[in-house]
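Descriptive analysis of the structure
Chain by chain, the residues:
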Amino acid sequence: MGNRLDLSHHINSRSRAGLGIFFCPGVAVPLLLLLSILFLQVIPAHAFSAETQVAQVSSTVESGAVKAVEGVEVKDKASELIKSYKAGKSKRLKKGPPAPALEAKDYPVVEGVSPRVTVWLAAQMHLWFAAFVLAVPIFVLILEVIGMVTGDSRYDRTAYEFIRVSITAYSITAITGGLLLLSLVVFYPALMGYLSSVFGSTMLGYGLLFFIESITLYIYYYGWGIMNDGGGLKRLHLFVGLLLNMSGTALMFIANAWVTFMMSPAGVDKMGAFQGGVFAAINNHLWSPMNLHRFVANIAYGGSIVGAYAAYQYLSSKSQASRAHYDWMGYTASLIAIGALLPIPFAGYWLTAEIYSYSQQMGITLMGGVFGWLFIIQAVLIGALFLAANYYLWCGMGRAEGGNRYTGYIKYIAIVLVLSFLVWFTPHNIVLTASETSALGGQYHPWLKALGLMPAKNTAVNIMVIFTYISFLLYRRSGKASTVPWASTATAVEVGLFGAAILNIIFLGVYYGYYTDNVYKVVSSIPQVMTTLTVILLSLCIEWLIFRRAERAGGFTWGRMPDRSQYALVLIAVSFTWLMGLMGFVRSAIRQNWHVYSIMKDNSPEAYTPSIAYAARVVSFGTIVFMALIIFIFWLSSLGKGEENKV
Amino acid sequence: MHKLLKLFLLILGIYVLLKLPGLLFGLPVPSSLILLYLFFAAIVTILVMTTSDASANELFSPIIALLEEPARVRQRNTIFVILPLFAALITYLAVRPDSEGVVGFRSVHPAPPAVIEAYGQTYDLGTLENPLRSLESSEPERFRSYVKEGGDIYFQNCFFCHGAKLDGRGHYAHALTPRPLTFQGSDTISQLQESYVFWRVVKGGPGLPKQAGPWASSMPAWEGILNEEEVWKVILFIYDYTGNKPRQWSH
C-alpha cells in the first residue's frame, strides 16, 4: 500500500525547503509595523477619533499650556472635554466625524499610475494568497488529528507537506498585504482616514492577531518534527495549531467587517458619523453571510491549490514511490476542495439574497444589470469545477482492481451532469440576434426562459451536487467488496433514497418556483438544500455500515492515474483563482460610485464602473501573475526534495 | 462503432436536436446558446471517453495514425487543405455583411437609480411603495375600480405596443427593437418591485442607465402625459390582469 517515506527526509531538508524564513518574520512583520506607523502619520487629522483628541487636549491643559492668550473659550471647551472624559472611564466619548465629501484634490496623483488598478491588483493578490494561507492550516490540523487518531503516518506526513507549501506563501501574503495597505494609504488617504475613525480599534487588534498568527505558524511548522513524540508534545503541537487557526480566522473576520461595512454600512448615522459602537459597525448586514461564504470558499480554494501542487509533483516524479505519494496527496487535497465546494453555492445564495434585501439597487446591479453577464461566466466556471472534479473521480476508478465494475455508470452520471449544467448556465436574458428576436417575438425564448430563473438553477445545482457525490460513492466502492449479506438490499435502499430526493428537489423547484407566489421562490431553495444534505448524510451512514468490515477487493494502487487526470487538478485550481477574481470584482463594483455605499461618495476620476471586458482583462492578468508566483513557490518547495525522488 | 465516429455523431445529433425548435416551431434556440450547449456536451463526452488510458487511446488512435503513418500522406494532405478551408468558410459566414444588427449585451432589467425626480418631488426607489396597493385588503371595492381605471389607461396608451393580452405583441411591436416587454408569465414583472415598474413607466427608455442602451428603447417616458396616480393605477392593472404579484422582500 503505497510507499512509506519517513518524515526525517522532510526534517533534514527543512532548512532548505523553508526558504520562507528569509522572507518572513524577519522582513514582513517589521515591514507591516512600519507601514502601520506610516499610515497613522498620513491619515488626516479629522480622522482621529474624539478619544484621541480628548487625550491630546487634556494633556495640553494639564501641563498648563493653555494660556489666557488663547481665550477662555478654548479653555472652557477643553475642560468640558476633560470633564466628560473623566466622567466615566468606561463611558468615553467615541462619536466619530461625519464622512467627508471628497473633491479631486483629496486623491493624490502619481503620474502614470492608476490608483484603482494598483489597489485592485494588490488587494486581489493579497486575497488569493491569504485565502490559501488561511485555509491550509485548517485542514492540516484536521489531517494531523486524523493521523494521530488512526495512527496512519501518511496523514501526518501529508499534513506536514501541506503546511510546508503554504509557508512560503505566507510571507508573500504579508508582503502583498503591506502593498495593499501602502497603496490604499497613498491613493485613498481620506477614505482610510474615515475608515479608521470607525474601525481604529479593530485595526490594532488586527496587528496583534497577525503577530500571534505569525508566531504560532512558525512554532507549528518548525516544531513539527521535534514535537512529534506521539504524546504530550504532540498535543501541545495540536494546540498551537488550533491557536494558529483561531487567530487566522479572526483576522479574516475583521477584514471582512471592513469590506462589508463599505457595502452595507452600519453603526454610523446618515452622515456617516460613527456612533460609538464598533460591534454594530462590524456586525453589519452582510458580515455574517460574507464570513461564511469566504470561510468555506477558502477551504475549497486551499484544497485546490494544494491539489495543483500534488499534480505538479506527480507529473514531475521520476519514481513510482513518489508518484504513489503525490497521487494520494492529490486525492486527499481534491476531496477537501470538492467537499468544501459542495456547500458554496448555498452560501453564495444566502449572500446574494442578503445583498438584495439590503438594497434593491445593489441586488439588481449584481444579478440583473451588466454584471449579470459575469454570472454566466461564473456559472460556466463552477460547472467546469464540477466536471473536473467528477472527471478526476472517474479516472480514479482506474486505481482499483475492481474499478471496471462501475465504469459503465459513468456515462449516465455524465448525461445528468450535462443536462443540469446546461440549465445551470442558461441565462434568463439571452444574447439574441435581431432575426432571432423577431422570430421569438420578444427578448425571451418561451421554453427556455423558465430555465433562466433561480428555482431552475437551484434545482440543477442540487442535482449536480448529488451526482457528484454519486461519482465519489462509486469511486469509493470500486476499491472494496462488502462482506455483509444484506449489502444489495442496502444498495437498493440507497438508490430509492436518491430517486426520492431527486424527485422531491424537482417537485419543489417546479411547483414552488413556477406555480406559486414569489415569496416561495426564495424559500423553496431551503428544503431543496436540506433534501440534498439529508440524502448524502444517510447514504454516508449506509455506506459506512455496509463496508465497515469490508475486505479490500484489491484495494487501490496509488500512482496509477493517467496524466490527464492531473491536469483536472490544475484546472480546478486555475478556475477557482479566476472565479474568485471575477466575482470579487463584482462584489466590490456593485457599490458603484461609492467608497462606502450611500455614505461616502467616490469622487475620484476613476469612480466609473469599467466595462466587463476591461475588468476581465485585469483579473486575468492577476490570475496569470498569481499562478506564476504559485508555480515558483511549488518549485521552491521541491528544491529540498531531490533525495526523496531517489528513494 | 469506433469511438471517434461515435463522438462525431453524438455532437451532430445534439446539434440537430437544438436546431429542431427553430425549424419545426419557428422558435429558434438562440445561436449563442447552441454554441455553449454544444461546446459543453462535446467536452463532457470527450471526458467520459478518456477516463482510462485504454479508451483514450482508442479515441485518439485514428487521429494519431492519420498524423503519423507514412502511408497515409494523401489523406493527411487532403485533410490539411480541407480543414483550413472549412474554418475560412465559418469565419466568412460569421463576418460577412448582412442586415442583422450588432448583437449587444443589453440588459433588459438594468439596475435602477437610488432616487428619481418626477412630478416635482424626489422618490426613493428603495422604499417607495404603490400607495393604492393597501386598498386591496382594506377597501376591495375601491381597489377594483382603480384596477378598472388602470385598464382604461392601459388601452388608451400602452396596448399599441404591449398588446391587448399584455404579452408584448401589440400592433407596433414587430417593428421595434428591442421589443416591448411582455407582462405575462411568472418571470416578468413579478420579479420586480412596484417601485421599479414605477421608474420604468415614469422615465421610460430615455431614463435608462447607459448599460441598457437608452437610445435603443422606444418605451416612452410617461411623466409628461400621465399623472402620478394614473401611473400607479396602470401598474395595478398590469399586475392584476396577468395574475402576478409584485416582488416583495420584507413580508
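About the thresholds
- In this convention, every chain numbers its residues from 1, walking through the sequence in written order.
- Working convention: letters from A go to chains and numbers from 1 go to ligands, in the order in which they are written.
- Only residues with pLDDT of at least 70 get local features here, since the model is predicted, and only at 80 or more are side-chain atom pairs given and counted; chain-wide, interface and lining totals rely on the full set of residues.
- Note that the side-chain values use all heavy atoms of the structure and ignore hydrogens as well as water.
- Helix and strand definitions here come from DSSP, where helices need a minimum of 4 consecutive H or I residues and strands a minimum of 2 consecutive E residues; each element is numbered from the N-terminal end.
- Radius of gyration means the value over C-alpha atoms here, while the globule rule gives 2.2 Å times the residue count to the 0.38 power.
- Note on exposure labels: buried denotes an accessible area under 20% of the residue type's maximum, exposed denotes more than 50%, and partly exposed covers the range between, all computed with a 1.4 Å probe on protein chains only.
- In this analysis, two residues are considered to be in contact whenever any of their non-hydrogen atoms come within 4.5 Å of each other.
- Methods summary: accessible areas were calculated by the Shrake-Rupley approach with a probe of 1.4 Å, and residue burial reflects only the protein chains presented.
- Under the counting rule used here, the positive set is Lys and Arg, the negative set is Asp and Glu, and His together with the chain ends is not counted.
- Taken as the charge centre is NZ of Lys, CZ of Arg, CG of Asp or CD of Glu, depending on the residue.
- All domain edges in this entry derive from an automatic or database-based domain assignment.
- The quantity reported as buried area is the accessible area (1.4 Å probe) lost by two parts once they are put together, taken as the sum for both.
- By convention in these notes, a salt bridge is any Lys or Arg side-chain nitrogen within 4 Å of a carboxyl oxygen on Asp or Glu.
- N or O atoms closer than or at 3.5 Å make up a polar contact, with two conditions inside protein: a donor-capable atom paired with an acceptor-capable one, and, for residues adjacent in sequence, both atoms drawn from side chains.
- Residue polarity follows a fixed list, in which Ala, Val, Leu, Ile, Met, Phe, Trp, Tyr, Cys and Pro are nonpolar, Asp, Glu, Lys and Arg are charged, and the others, Gly among them, are polar.
- In plain words, nonpolar cores are sets of buried Ala, Val, Leu, Ile, Met, Phe, Trp, Tyr and Cys residues tied together by side-chain atoms within 4.5 Å.
- By definition, two strands form a pair when at least two bridges between them are found by DSSP.
- What a helix should span is 1.5 Å times the count of its residues minus one.
- As a per-residue quantity, pLDDT reports the predictor's confidence and falls between 0 and 100.

What follows covers the overall build of chain B. When helices and strands are tallied, chain B shows 9 helices and 2 strands. Each helix and strand of chain B, placed in order from N terminus to C terminus, yields the pattern α-α-α-α-β-β-α-α-α-α-α. Computed over its C-alpha atoms, the radius of gyration of chain B comes to 27 Å, more than 25% above the 18 Å expected for a compact globule of 251 residues. Each principal axis of the C-alpha distribution contributes one length, and for chain B these read about 85 × 40 × 35 Å. Among the 251 residues that make up chain B, the fraction classed as buried is 41%. A fraction of 58% describes how many contacts in chain B between residues 6 or more apart in sequence connect residues 24 or more apart. For chain B, the accessible area works out to roughly 14100 Å², and carbon and sulfur atoms hold 64% of it. Separation between the mean location of the 21 positive side-chain charges and that of the 22 negative ones in chain B comes to 11 Å.

Helices and strands together make up the secondary structure of chain A, namely 25 helices and 4 strands. The buried share among the 647 residues of chain A stands at 58%. Considering only residue pairs separated by 6 or more positions, chain A has 85% of its internal contacts joining residues 24 or more positions apart. Carbon and sulfur atoms make up 69% of the accessible area of chain A, which totals about 26700 Å².

Residue and element names in this part refer to chain A. One can read the domain layout of chain A as domain 1 (2–42 + 108–356 + 562–646), domain 2 (50–93) and domain 3 (408–425 + 441–552). Roughly 830 Å² is buried in total at the junction of domain 1 and domain 3, and carbon and sulfur atoms are behind 82% of that figure. For the domain 1 face of the interface with domain 3, the top three residues by lost area are L342, F346 and Y349, together amounting to 66%. At the junction of domain 1 and domain 3, the tally comes to 0 salt bridges. The tally of links from domain 1 across to domain 3 stands at 0 residue pairs in polar contact (both at pLDDT 80 or more). Elements that contribute at least two residues to the side of domain 1 that touches domain 3 include exactly α12 (320–341) and α13 (344–358). Partitioning the side of domain 1 that touches domain 3 into residue classes produces 7 nonpolar, no polar and no charged.

In terms of nonpolar packing, the biggest core is built from 193 residues, with F162 and Y194 of chain A touching the most fellow members. Once residues lying within four places of it in the same chain are set aside, the contact partners of F162 of chain A are V136, F139, V140, L143, V306, M329, A333 and I336 of chain A. Within the second largest apolar cluster, 40 residues are counted, among which are Y356 of chain A together with A111, W199 and W222 of chain B.

All names here are of chain B. With phi around 50°, Y119 is a residue other than glycine that occupies positive phi space. Among the structural elements, Y119 can be located in the loop between β1 (115–118) and β2 (121–124). Given the relative accessible area of 27%, Y119 is considered partly exposed. Its identity as a non-glycine residue notwithstanding, L166 has a phi of 60°, on the positive side. Tracing the sequence through the fold places L166 in the loop between α7 (159–162) and α8 (194–203).

Another aspect to go through is the pairing of β1 of chain B. All names here are of chain B. Burial along β1 is one-sided: the residues I116 and A118 are buried and none of V115 and E117 is. Pairing of β1 with β2, which is carried by 4 bridges, proceeds in the antiparallel orientation. Across the sheet, residue V115 finds its bridge partner in β2, namely D124.

This part takes up the interface of chain B and chain A. Listed per partner, the contact involves 51 residues of chain B and 54 residues of chain A. Both faces considered, chain B and chain A share a buried interface measuring about 5000 Å² in area, 65% of it formed by carbon and sulfur atoms. The interface formed by chain B and chain A includes 1 salt bridge. R564 of chain A serves as the salt-bridge partner of D53 of chain B, at 3.3 Å between the closest nitrogen and oxygen. Summed over the shared surface of chain B and chain A, the number is 7 residue pairs in polar contact (both at pLDDT 80 or more). At the level of secondary structure, the elements contributing two or more residues to the side of chain B that touches chain A comprise α1 (3–25), α2 (31–49), α3 (53–68) and α8 of chain B.

This paragraph deals with helix α20 (residues 487–514) of chain A. Given a rise of 1.5 Å per residue, 28 residues ought to cover 40 Å, and the 40 Å separating the end C-alpha atoms of α20 of chain A matches this to within 8%. For α20 of chain A, every residue scored as buried is listed here: A487, A490, E494, F498, A501, I502, I505, L508, G509, G513 and Y514 of chain A.

Residues and elements named next belong to chain A. When pLDDT is averaged along chain A, the result is 80, and 81% of the positions lie at 70 or above. Predicted confidence is poor over residues 1–31, with pLDDT under 50, and the contacts of this stretch with residues over four places away or in other chains come to 61 contacts. Contacts for the low-pLDDT stretch residues 642–647, under 50 throughout, to residues beyond four places or in other chains number 12 contacts.

Below, the discussion takes up the environment of M219 of chain B. Residue and element names in this part refer to chain B. Along the polypeptide, M219 turns up in the loop between α8 and α9 (228–242). Along the backbone, M219 and V29 are 190 residues apart, and their C-alpha atoms lie at a distance of 26 Å. Dropping the residues within four chain positions of it, M219 is found in contact with H162, R200, V201, G204, G205 and P206.

Moving on to the domain arrangement of chain B. Each domain of chain B was delimited in the assignment, giving domain 1 (3–95) and domain 2 (115–242). Here the C-alpha centroids of domain 1 of chain B and domain 2 of chain B sit 47 Å apart.

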